[in-house]
Amino acid sequence: MIELADQLVLMLDEGNPDAGDPIKVFGLKTAGARDVASAIQTIVGGRDGRRIHVYGDTTMNSVLVRAGIEDMPVVEKLIQNLDGNVNQLNTVRAFPLKF
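Keep in mind the model is a prediction, meaning the values are calculated, not measured.

A. How the structure looks around the confidence of the model for the chain. Of all residues in the chain, 70% have pLDDT values of 70 or greater, and the mean over the chain is 79. Confidence, expressed as mean pLDDT per element, reaches its minimum in the chain at helix α1 (residues 2–13) with 61 and its maximum at strand β3 (residues 62–66) with 94.

B. Broad picture of helix α2 (residues 33–43). For α2, every residue scored as buried is listed here: Ala33, Val36, Ala37, Ala39 and Ile40. Down the axis of α2, the smallest arc covering the buried residues is 165 degrees, so these residues share one side. Across α2 from its buried face, at more than 90 degrees, point the exposed residues Asp35 and Thr42.

C. The environment of Gly84, seen in detail. Along the chain, Gly84 falls in helix α3 (residues 72–89). Separated by 53 residues in sequence, Gly84 and Ala31 have C-alpha atoms that sit 7.7 Å apart.

D. Representation of the pairing of β3. Taking burial as the measure, the five residues of β3 include five buried ones, the bulk of the element. Covered by surrounding structure in β3 are Ser62, Leu64 and Arg66 together with Val63 and Val65, the residues of both alternating faces. Here five bridges tie strand β2 (residues 53–57) to β3, and the two strands are oriented antiparallel to one another. In the strand pairing of β3, His53 is matched with Arg66. Hairpin connection, β2 to β3: the antiparallel pair is bridged by four residues, and Asn61 has positive phi, about 50 degrees.

The rules we used
- Residues numbered from 1 in each chain as written.
- Predicted model: local features only at pLDDT ≥ 70, side-chain atom pairs only at ≥ 80, totals over all residues.
- Heavy atoms only, no water.
- pLDDT = per-residue confidence, 0-100.
- Helix = DSSP H or I, 4+ residues; strand = E, 2+ residues; numbered from the N terminus.
- Buried < 20%, exposed > 50% of the residue type's maximum accessible area, 1.4 Å probe, protein only.
- Arc of directions from axis to C-beta.
- Pairing = 2+ DSSP bridges.

Laid out in structure tokens, this is it:
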């Protein structure tokens, strides 16, 4: 929890033009926070010169995101997809064999 608070303070304290961008915390159900944060940064982070700050907190399994208003819905949808697809990847299926 303290690690997440420290990261939030750093994001709020930055002296850059993105400082006014909204910050949102996404709790994850199945996916790992650091994996999701890394994927978001890789996929969306440097797109069209936009800056998206992402931090994965493993203690609370949450992703902290600062992004522009136009980027936040894209990030939110991506997080939902990454968090939801873990169940599909971990599904065990049994197939009866004839021989």
